[in-house]
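# Report on the structure
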Amino acid sequence: LVRIEPGKFLMGESRQASRRPEVVRTSGRPMTITNGFYLGAFEVTNRQFEQFQKHQRPKYQRGRNGDEHPVEPVTWREAQEFCRWLSVKEGRTYRLPTEAEWEYACRAGTQTRLYWGDAC
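A short tour of the structure in this document, coming up. (Residues numbered from 1 in each chain as written. Predicted model: local features only at pLDDT ≥ 70, side-chain atom pairs only at ≥ 80, totals over all residues. Heavy atoms only, no water.)

### Considering unusual backbone geometry
Following Glu-72, the chain continues into Pro-73 via a peptide bond in cis, with omega recorded as -10°. By secondary structure assignment, the location of Pro-73 is in the loop between helix 1 (46–53) and helix 2 (76–90). Despite not being glycine, Ala-108 has its phi angle at roughly 50°, a positive value. Among the secondary structure elements, Ala-108 is positioned in the segment after helix 3 (99–107). Owing to a relative accessible area of 63%, Ala-108 belongs among the exposed residues under this scheme. (Helix = DSSP H or I, 4+ residues; strand = E, 2+ residues; numbered from the N terminus. Buried < 20%, exposed > 50% of the residue type's maximum accessible area, 1.4 Å probe, protein only.)

### Considering the packing of aromatic side chains
Under the defined criterion, the tally for this structure stands at 6 aromatic pairs. An angle of 25° between the planes, with centres 5.7 Å apart, marks the rings of Phe-49 and Phe-82 as stacked. Linking Phe-49 in helix 1 with Phe-82 in helix 2, this pair joins segments that are 33 residues apart in sequence. Given the relative accessible area of 10%, Phe-82 is considered buried. (Phe/Tyr/Trp six-rings, centres within 6.5 Å; stacked < 30°, edge-to-face > 60°.)

Structure below.
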């Protein structure tokens, strides 16, 4: 897990208002993440999800590319159930990030249109 510190950002789409790259129109809304949180640094693997599935009925078929590949596809409900199962198993609280937390973490402190810069 990686600690994400609190901070402010514009949530939502930012785009160029004209052909001039220095002119950016922002349709995002100001957001503040008031509490730091932890986020998984890596995706949940097929092997990890399979451990959870052993305790579930019915079992879901997954696209398998190998035990260490990210599990997919996973529904929101399955991800929630996985977090509850892992919380009980490890005696710690795990949860999915909110939409704002996810976007804030993905932006990684950048102020550009996209996390890698302004150019598509």
